[in-house]
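Architecture at a glance
Given next are the chains, with one letter for each unit.
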Amino acid sequence: MLTFSFNHIALSVKDVDEAVEFYKKVLYLKEIKNTASNSKTRWLSLGENKQLHLIPRPNAEIKTNKAVHFALTTANVSLFVSHLNALNIEYTDWLDTPNKDYVRKDGIKQVYFQDPNGYWVEINDDF
């Protein structure tokens with residue numbers, strides 16, 4: 001029987017430097033060495049040997065929608081929302097209500113925001 005565990009997320013980005021700085025500033029991610037190649041793809045650590053790979057594609061057409069997103073968990077969504085507010089980053093609930101969090105039926109609080117390329121990121125408190 002095969003088993004799998006999560007390894008990384010890879011996103012195409014127009015400006016890799018801008019994307020790296022965004023994720024470092026907003027999610028406090030640390031840049032790590034790209035051990036796969038000498039390309040301009042940059043890697044950020046999500047902790048626990050999980051990674052975010054940002055692949056420069058300056059001429060790519062990037063299409064997004066909220067249903068295609070990645071989610072990260074934190075113990076204090078309210079503190080993170082304060083951080084978003086301090087950075088003037090707009091966030092919504094799942095229904096696109098601006099500046100509103102959402103509590104799912106199972107009690108998990110969540111918010112959504114977009115990175116500079118339009119990718120959606122969910123932050124929740126599903127510990």
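Residues numbered from 1 in each chain as written. Predicted model: local features only at pLDDT ≥ 70, side-chain atom pairs only at ≥ 80, totals over all residues. Heavy atoms only, no water.

Let's shift gears to the side chain of D115. Examined against the element boundaries, D115 turns out to sit in the loop between strand 7 (109–114) and strand 8 (120–124). For the buried D115, which has no salt bridge, the nearest side chain bearing the opposite charge is K14, at an N-O separation of 12 Å. Within the structure, D115 has its side chain in polar contact with the backbone nitrogen of N117 (distance 2.8 Å). The contacts of D115, once residues within four sequence positions are left out, are L11, F22 and Y23. (Helix = DSSP H or I, 4+ residues; strand = E, 2+ residues; numbered from the N terminus. Buried < 20%, exposed > 50% of the residue type's maximum accessible area, 1.4 Å probe, protein only. Lys, Arg positive; Asp, Glu negative; His and termini not counted. Salt bridge = Lys/Arg side-chain N within 4 Å of Asp/Glu carboxyl O. Polar contact = N/O pair within 3.5 Å; in protein donor to acceptor, adjacent residues only side chain to side chain. Contact = heavy atoms within 4.5 Å.)

Counting residues in hydrophobic clusters, the biggest one holds 26 residues, and the most contacted among them are L11, Y23, V26, L27, L52, L54 and F113. Those elements that place two or more of their residues in this core are strand 1 (8–13), helix 1 (16–27), strand 4 (50–56), helix 2 (77–86), strand 7 and strand 8. Ranked by residue count, the leading element in this core is helix 1, at seven residues. Not counting residues within four places of it along the chain, the set of residues in contact with V26 comprises F80, H83, L84, L87, I89 and F113. (Core = buried A, V, L, I, M, F, W, Y, C linked by side-chain atoms within 4.5 Å.)

Counted under the stated rule, the structure contains five aromatic pairs. Relative to F70, the ring of Y23 lies with its centre 6.3 Å away and its plane at 35°, an arrangement referred to as tilted. Of this pair, Y23 sits in helix 1 while F70 is found in strand 5 (residues 69–73), placing the two residues 47 residues apart along the sequence. When sorted by exposure, Y23 lands in the same class as F70, which is buried. Centroid distance W94 to Y112: 5.4 Å. Interplanar angle 50°. Geometry classified as tilted. Of this pair, W94 sits in the loop between helix 2 and strand 6 (102–103) while Y112 sits in strand 7; the two residues are 18 residues apart in sequence, bridging distant segments of the chain. Taking relative accessible area as the criterion, W94 reaches 36% and is therefore assigned partly exposed. The class for Y112 is buried, based on a relative accessible area of 3%. Following the ring pairs from residue to residue traces out a cluster consisting of F22, Y23, F70, F80 and F113. Residue placement shows K66 over the ring face of W120; its charged tip is 4.5 Å from the ring centre. (Phe/Tyr/Trp six-rings, centres within 6.5 Å; stacked < 30°, edge-to-face > 60°. Lys NZ or Arg CZ within 6 Å of the ring centre and 35° of its normal.)

Taking strand neighbours across the sheet as the criterion, the four strands line up as 1-4-3-2 in an open arrangement whose pairing is mixed. Edge positions in the sheet fall to strand 1 and strand 2 (30–32), since each of these pairs with one other strand and no more. For this sheet the average axis-to-axis angle between neighbouring strands, irrespective of direction, equals 30°. (Pairing = 2+ DSSP bridges. Axes fitted to C-alpha atoms, helices over the stretch in contact; angles between N-to-C directions.)

Here the focus is the pattern of salt bridges. Side chains that differ in sign of charge can pair as their charged atoms come close. Summed over all chains, the structure comprises eight salt bridges. Residue D96 is joined to K66 by a salt bridge in which the shortest nitrogen-to-oxygen separation is 2.6 Å. One end of the pair, D96, is in the loop between helix 2 and strand 6; the other, K66, is in the loop between strand 4 and strand 5, and 30 residues separate them in sequence. What emerges from the salt-bridge pattern is a single network uniting D17, E31 and R42.

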